[in-house]
Structure formats: C-alpha cells, structure tokens
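Each chain, letter by letter, is given below.
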Amino acid sequence: MHSLTPPAVSARVSAAPAPAGAVILSTPLRLDLAVSGEPGVAGQPASSVQPAASLVAGADAALESVRRMSGASLLAGLSRLSVGDISTFVAEFPGQVDSLLAVPPAATEVTGWWTGLDGTERSSLLAGAPRLVGNLDGIPFRERGRANARYLGQSLAAVDRRLAGTLDDAARDAATRERAILTQVQAALRPTDGGPRRSLILLDTVAGGRAAIALGNPDTAAFVSYLVPGMNYGVEPQIVNWTATAETLYAEQRAVLAERAASARGSVAASISVVSWIGYEAPDLFSVGGLDHAVAGADFLEKYSQGIRSDRAGDQPFVSVFAHSYGSTVALTALSRGSFEVDALVLVGSPGSQIQSVDSLSVANGNVFVGKADWDPAVNSAFFGSDPGAESYGARPLGVYGAPDRLTGTWLSGSLGHNAYFDRGSESLHNMALIGTDNADLVTNGSE
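Residues numbered from 1 in each chain as written. Predicted model: local features only at pLDDT ≥ 70, side-chain atom pairs only at ≥ 80, totals over all residues. Heavy atoms only, no water.

Draft legend 1. Quick look at the pattern of salt bridges. All told, the structure shown has 13 salt bridges when counted by the stated rule. Here Arg67 makes a salt bridge to Glu64, at a shortest N to O gap of 3.0 Å. Of this pair, Arg67 and Glu64 are both found in helix H1 (residues 52-67), 3 residues apart, which corresponds to roughly one turn of the helix. Given a relative accessible area of 33%, Arg67 falls into the partly exposed group. Between Arg68 and Glu64 there is a salt bridge, with the nearest N and O atoms lying 3.6 Å from each other. (Salt bridge = Lys/Arg side-chain N within 4 Å of Asp/Glu carboxyl O. Helix = DSSP H or I, 4+ residues; strand = E, 2+ residues; numbered from the N terminus. Buried < 20%, exposed > 50% of the residue type's maximum accessible area, 1.4 Å probe, protein only.)

Draft legend 2. Summary view of helix H11 (residues 292-311). With 20 residues, H11 ought to run about 28 Å at 1.5 Å a step, and its terminal C-alpha atoms sit 29 Å apart, in line with that. If you check which residues of H11 are buried, you get Ala294, Gly297, Ala298, Leu301, Glu302, Tyr304, Ser305, Gly307, Ile308, Arg309, Ser310 and Asp311. (Expected span 1.5 Å × (residues − 1).)

Draft legend 3. Spotlight on the sheet that holds strand S5 (residues 223-228). Strand order in the open sheet made by the 8 strands is S3-S4-S6-S5-S7-S8-S9-S10, with mixed pairing throughout. Of all the strands in the sheet, the pair left with one neighbour each is strand S3 (198-204) and strand S10 (396-397). Where strand S9 (residues 368-371) lies against S10, 2 bridges are found, and the strand directions are parallel. Residue pairing across strands places Val370 opposite Pro397, the latter belonging to S10. The strands that helix H13 (residues 427-436) touches are S5, strand S7 (318-324), strand S8 (344-348) and S9; relative to S7, the one it contacts most, it runs at about 150°. (Pairing = 2+ DSSP bridges. Contact = heavy atoms within 4.5 Å. Axes fitted to C-alpha atoms, helices over the stretch in contact; angles between N-to-C directions.)

Draft legend 4. A look at the side chain of Asp311. Its location among the elements puts Asp311 in helix H11. For the buried Asp311, which has no salt bridge, the nearest side chain bearing the opposite charge is Arg312, at an N-O separation of 5.6 Å. Not counting residues up to four positions away in its chain, the partners in contact with Asp311 are Thr111, Pro140, Phe141 and Asp219. (Lys, Arg positive; Asp, Glu negative; His and termini not counted.)

Draft legend 5. Inspection of the confidence of the model for the protein chain at higher detail. In this model, the protein chain carries a mean pLDDT of 87, and residues with pLDDT of at least 70 account for 85%. For the stretch residues 1-56, pLDDT sits under 50, and the model shows 61 contacts to residues farther than four places along the chain or on other chains. (pLDDT = per-residue confidence, 0-100.)

Draft legend 6. Fine view of the pairing of S7. Burial analysis of S7 places 7 of its 7 residues in the buried class, the great majority of the element. Every second residue of S7 is oriented toward a common face, with Phe318, Ser320, Phe322 and His324 on one face and Val319, Val321 and Ala323 on the other, all of them buried. Strand direction decides the pairing type here: S7 and S8, joined by 5 bridges, are parallel. Note that in S8 the partner of Val321 across the bridge is Leu345. Regarding the hand of the β-α-β motif, the stretch spanning S7, helix H12 (residues 326-335) and S8 is right-handed. (Right-handed = clockwise from strand over helix to strand, strands pointing away.)

Draft legend 7. Layout of the packing of helix H2 (residues 71-79) against helix H5 (residues 107-115). At a closest axis distance of 11 Å, the pairing of H2 and H5 adopts a crossing angle of 15°. For the element pair H2 / H5, the angle class is roughly parallel. In this structure, the crossing between H2 and H5 has a hand that is right-handed. Residue-level inspection shows Ala72, Leu75, Ala76 and Ser79 of H2 in contact with H5, the latter providing Glu109, Val110 and Trp113. (Parallel < 35°, antiparallel > 145°, perpendicular 65-115°, else oblique. Left-handed = near helix turned anticlockwise from the far one by under 90°.)

Draft legend 8. Spotlight on the nonpolar core. The biggest cluster of nonpolar side chains holds 49 residues, and the ones touching the most others in it are Val185 and Leu398. The greatest single-element share of this core, amounting to 8 residues, is contributed by helix H10 (residues 235-262). Once residues within four sequence positions are removed from consideration, Val185 is found in contact with Leu152, Leu200, Leu203, Ala211, Ile213, Val235 and Ile239. Trp277, Tyr280, Leu347 and Ile355 belong to the second-largest nonpolar core, a separate cluster that totals 40 residues. (Core = buried A, V, L, I, M, F, W, Y, C linked by side-chain atoms within 4.5 Å.)

Draft legend 9. Region of interest: the environment of Asn439. Considering the arrangement of structural elements, one finds Asn439 in the segment after H13. In this structure the C-alpha to C-alpha distance between Asn439 and Leu257, which are 182 residues apart in sequence, comes to 9.2 Å. Polar side-chain contacts of Asn439 include one of 3.0 Å to the side chain of Thr437. (Polar contact = N/O pair within 3.5 Å; in protein donor to acceptor, adjacent residues only side chain to side chain.)

Draft legend 10. Structural context of the packing of aromatic side chains. One pass over the structure, following the stated rule, counts 11 aromatic pairs. Considering the side-chain rings of Trp277 and Tyr280, the 6.2 Å spacing of their centres and the 20° angle between planes classify their relative orientation as stacked. Just as Trp277 is buried, Tyr280 falls in that class too. Across the ring face of Phe300, the terminal group of Arg210 is positioned such that the distance to the ring centre comes to 3.7 Å. (Phe/Tyr/Trp six-rings, centres within 6.5 Å; stacked < 30°, edge-to-face > 60°. Lys NZ or Arg CZ within 6 Å of the ring centre and 35° of its normal.)

Draft legend 11. Representation of the pairing of S9 in the model. In S9, alternate side chains face the same way, and those of Val368 and Val370 on one face and Phe369 and Gly371 on the other are all buried. As judged from the 4 bridges shared by S8 and S9, these two strands associate in the parallel manner. Pairing of Leu347 across the sheet is with Val370, part of S9.

Draft legend 12. Molecular detail of unusual backbone geometry. If you check the backbone angles, Asn232 has positive phi at about 70° while not being a glycine. Within the fold, Asn232 resides in the loop between S5 and H10. Taking the relative accessible area as the measure of exposure, Asn232 reaches 42% and is therefore partly exposed. For Asp438, which is not a glycine, the phi torsion comes out positive at approximately 65°. Counting through the fold element by element, Asp438 comes out in the segment after H13. With relative accessibility at 47%, the residue Asp438 sits in the partly exposed group.

Written out as structure tokens, the structure reads:
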C-alpha cells in the first residue's frame, strides 16, 4: 500500500556554466530537485534539503546585486535574471530603468550586448522589461515594436487603475494627461486599409511625451526617412496627424519607385520605411523663441540616428531626415555635431539655426535641400542665426511653387504658407519622395 505522506524534496544548488563570452556578474544558481530516497543526477544520491527561505534570500541577493549596477553592467545583470526577477526588479527599482534610459550605453554597445543574448534571454527581457527594450537605441526595431506594444497596453491598464481610485486633483490631472497621450498613440498605430504596417518604436509619457511610429520595417528597408516636426507638435495633439503625414510621404516614395521601374531606371521592389518621429518635446508659442528645446531634441535625434546605424551595421540603409519649421533647427543642431551622418537632409519652413553652412553638417555629398513657400513667415527670417535658403549657405533649392513631374509630365501643385509642404500631389512632397529614394537628380528646383 502506498503511503499518503508525500516524499520529501531535496535541493542541490550548483553553479550553472556561463555562456561563452558572457560577463560573469555573480555566480548564477541552478536548482536540481530530487525526491529523497531516489538517486540524484547521474545516479548520485541527493544532498540534504535546502530550506526554502535560503532560496528566496538568494533571489533577493541577486536582485540587490543588480540594483547596484548601472549602464552596460546593468544590462548584462538583467539579462542573467529570470523573467519573474526582471519584472520584480522593474517594479521595485523603477529609478534604475529611468537612469539607464536617460544616460544609455552607446548604441554600438547595446547592439553588441543584444546580439550576444540567446532567444530565451531576449524573450525574458522583452516580457519583464518592455519599456527598457522598447526604448533602448541599438536594439532592432522589430523587438522594440513588440516591447512597446506590450508597454503601451500595460501603461493604459495602469493609468486606468489609478483613475478608478482616489486621487487628489494634481494626480488626477497628471493621470488624465498620460491617458490622453497613450490613447492617441494607440489610435496612430492603427493601419489604414492597404497601408503599411505600423510599429511603436519609441514611447515616453513624461511631461508632454515622446513617441515614434515606424511605417514599414526600419530593420530591413533600403530607404529610411525620419520626419521631424516643429512648434506645437506634441504627441497628444499631433501624433495621429504626423503619422498620417508620414504615410503620405511613404505612398509618394512608393509611387516614385514605381515610376523609376517603369522607365527602367530603378527597382520597384526596394523597401521603404518612414518614421513619424515626435522624439522631443516640441515648443509652443510661449517657448519657441529659445533654443533649449532644439538642443534637447538634437540630443534625442543624435542618439536615435546612432541607433539605426548600429542596428544596420552590416547593411546600411539610405537615411534621410525631413525637418519642418523648428524641427529644422533641431536637425541642423544634431547634424553639426559629427557623431552620425545621414544621406540627405530636407528643410522646409525653416527659421534657421546657429549653423552657418552646409559644410558644417554631416550630410553625405552635400545633399541638403531647402524649400521656401510663398506666404511662409518663417523662411528668410534667419530667426535663430542663419537662413539655410540663402545662396551663401550652400544648400540646394527644393521646388515648391508647382511644376511638371520630370518623368511623367504630370503637373504637381504649388505650396503656400507654412504648413502645406507635405500636401498630397504637391511639387514639394514629390521632391521629398525623390530625395528619400536616392533620386535627387530628378528634383525640381523652382526654376521650371
């Protein structure tokens, strides 16, 4: 007759071998369980029972050890934890994640770390620390999109729980603002019928928020374009509209590739990604007169661009930046630092910057284009110290007044005012699509 008393369980703790090339942060533990009275591994008798309390203490010690790390060491430490311990760490020490994202390791270092992880380690980090994985430059954008989709859902659930509870007026206002940001990001992620796949590759709800949505796949696209907006383009009021603008440019770039293929001058199969990037807190009417927002935005754009260069190290895409209004001040500031290079830069409605010449910009082959529409009060102003559209600046003019398409002869409409540069069917938009697909030789310059 079998005894109803359950067999005693014994635990043997042994050091698990580290993967080749891994950094040993503390000796990880492997727990082998064996039923007393039965042989252990390889026929060896099981050791005595290890108290459960000591195992919990060991897990706490591991978390405490990781808590004292920072930068690249913290990334390595987190990757050695289980998904449960990663989740616990993120919940108990959120300031550590904040600090890591505020001052991250170099994108190349992040790429090397992520590439060295196995599938289980990556999945654990994505599940346990989605905010970190989703917003760390140097991690492939596919994983960032998956992580931020999880983080978005978690954030919406968390803010709804807060709003359902008892809050003072200030806390309720903050939660309401956060929810407004999150719901607009969620709306901007919905693809249009027949449109490209959209993925959330940046999400930060602090203050006015920051977000970026990729149309297409930046990990594999031959042509990657970033749209950098200007004044009043916060996440909550404008992420839906700015992403729709990105899709308009995406569609025009597809049309350009089709035109080129039809004339036997290119391949329609080349892939495209356009990024709706509200990656900085844009100024409003009361703060637009200073450069603080431009400098902060340049910091973010610099890190972001280094991220895609690192992620695509062996297969570099053609990268273009399309900057509107105050966004052009951001882009000019970032590209004057020399830490990364883009293949083309387009400035429209620009109030200028402290940079005085194309020669000071890290743009390949001097591919800097400036569009200046009639009735646009920002152009020619040199408000921030220069006029990029001046002949002495060295940029190439971008036709915006209306002209025929040089391949098809189709008439392209002109743009008027400060906000019509991205209008569908315009000469300005078509020229931007030509530049973003490395067809600048077909750009009209306003002399037609």
